Amino acid sequence: LHINLMLARSSMATVASLRSGRGMATVKQLRLRVASVKSIQRITKTMQMVAGAKLKGFQTRMMQARPLGDAMDKLTNQMPTEDEVGPGDLTHIIVPISSDRGLCGGVNNAVAKAAKVLDNDLSGDKMMTILGAKGETLLKRTHGKMINRVITEIYRNPTTFALASGIAEEITTSKEYDKGYIIYNHFRSAIRYDTLCDQFDSADAMVDKMAVFTEKYEFDDEFTEHLHMTDLMHFVLASKIYSRVLENATSETSARMHAMDVASKNCGEILEKLTLNMNKARQAAITEELSMIVSGAAAVGAK
């Protein structure tokens, strides 16, 4: 988006130059515009190649983490739903996963939009823990009072389960909640991703749900049962975050590669127009000089 905005400004400046003076920009002005667009094109092509190289690594780690995330989904799906446990006023925590950098299409806007929709659908107390600096930028103006924590620089080094465990610990210890929602972009292909929302429960909510079918498990006492359920929920949340962060990182990288490809093509189109205008300006300047020479020769001959 920023690259396309720069190209649009460059194009508008060129049009303004063409309308100035005698209706045609000078060759020097157009040469500067061409050099500027070529510089932008080199940057976009480089970013496209870098994103393409990173995409393979993210995709490999994502495919390795997917079975873990699917296993946690299967485990949580075996728990009774809220209606089976009993109604009550719940505290919700929303965890949008965004990126720390821009120039990646609409991946961050999609997450922010889904977070706003979820906020309108939920009732009760709500708060947000945002992963990624861009999520804070998009949500701070409208949901600034809900944001209690922003975690950034999660993509600087390769994402590990230890990092996800630290994020999970930060979420569970920051404030008490009953239900949580992870909003992220699910990678489908190099040109497609889906914005999804995963639900998870707190350790206390898990203990309440486990009470429905505790006959399936044996514990020494209530303290041991609560301890095991707390550890289980921390592991489930860390596994979900690990899988979803990799999904979002892969979607971000693929979207950046596609966005830079489109920006490079736009640069090529603008270069063609600028080159054509530069040739016209050069021809106009040559024609004007020839006309002056011919007029001068005719004046001398008339004397």
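A few points on the structure.

Here is what the cut-offs are and how they apply
Residues numbered from 1 in each chain as written. Predicted model: local features only at pLDDT ≥ 70, side-chain atom pairs only at ≥ 80, totals over all residues. Heavy atoms only, no water. Helix = DSSP H or I, 4+ residues; strand = E, 2+ residues; numbered from the N terminus. Buried < 20%, exposed > 50% of the residue type's maximum accessible area, 1.4 Å probe, protein only. Contact = heavy atoms within 4.5 Å. Core = buried A, V, L, I, M, F, W, Y, C linked by side-chain atoms within 4.5 Å. Pairing = 2+ DSSP bridges. Axes fitted to C-alpha atoms, helices over the stretch in contact; angles between N-to-C directions. Salt bridge = Lys/Arg side-chain N within 4 Å of Asp/Glu carboxyl O. Left-handed = near helix turned anticlockwise from the far one by under 90°. Nonpolar A, V, L, I, M, F, W, Y, C, P; charged D, E, K, R; others polar.

Its place among the elements puts Gln 41 in helix H2 (residues 27-77). Of the residues examined, Gln 41 reaches a relative accessible area of 15% and is grouped as buried. Here Gln 41 is in contact with Ser 264, Cys 267, Gly 268 and Leu 271, once residues within four sequence places are set aside.

Okay, the nonpolar core next. Soluble globular proteins: nonpolar side chains tend toward being buried together. Among the nonpolar cores identified, the biggest contains 28 residues, and Leu 131, Ile 171, Ile 182, Leu 237 and Ile 241 are the most heavily contacted of them. Every element with two or more residues in this core is listed here: H2, strand E1 (91-96), strand E2 (125-131), helix H6 (161-174), strand E4 (179-189) and helix H8 (222-302). The element that contributes the greatest number of residues to this core is H8, accounting for seven residues. Excluding anything up to four places from it in sequence, Ile 241 contacts Ala 164, Ile 167, Ala 168, Ile 171 and Ile 182. With 14 residues, the next largest nonpolar core counts Ile 94, Val 111, Ala 115 and Met 146 among its residues.

An order of E3-E2-E1-E4-E5 is seen for the five strands of this open sheet, with the pairing classed as mixed. Edge positions in the sheet fall to strand E3 (147-151) and strand E5 (192-201), since each of these pairs with one other strand and no more. On average, each strand axis in the sheet is tilted by 20° relative to the strand beside it, whichever way the strands run. In this sheet, E3 lies alongside E2 in parallel orientation, the contact comprising four bridges.

With that settled, consider the pattern of salt bridges. With the rule as written, the count across this model stands at 12 salt bridges. Its salt-bridge partner being Asp 201, residue Lys 179 comes within 3.1 Å of it at the nearest N-O pair. Taken as a pair, Lys 179 in strand E4 and Asp 201 in strand E5 lie far apart in primary sequence, 22 residues in all. Neither Lys 179 nor Asp 201 differs from the other in exposure class; each is buried. Here the salt bridges do not stand alone but share partners, grouping Asp 73, Asp 198, Lys 240 and Arg 244 into one network.

Secondary-structure assignment places Ala 65 in helix H2. Assessed through its relative accessible area of 2%, Ala 65 is described here as buried. C-alpha of Ala 65 to C-alpha of Phe 161: the two residues are 96 residues apart in sequence and 9.4 Å apart in space. With near-sequence residues (within four places) excluded, Ala 65 lies in contact with Tyr 242, Ser 243 and Leu 246.

Right, let's talk about the packing of helix H4 (residues 107-121) against helix H5 (residues 133-143) for a bit. Axis separation between H4 and H5 bottoms out at 9 Å; the angle between their running directions is 35°. Relative to H5, H4 is oriented so that their crossing is right-handed. Contacts from Asn 108, Asn 109, Ala 112, Ala 115, Lys 116 and Asp 119 in H4 reach Lys 134, Leu 138, Leu 139, Thr 142 and His 143 in H5. Here the contact of H4 with H5 is built from residues that sort into four nonpolar, four polar and three charged.

To continue, consider the side chain of Glu 252. Assignment of secondary structure puts Glu 252 in helix H8. Looking at Glu 252, the relative accessible area reads 8%, which means it is buried. Among all residues touching Glu 252, those that are not within four sequence positions of it are Ser 99, Arg 101, Cys 104, Val 107 and Tyr 155.

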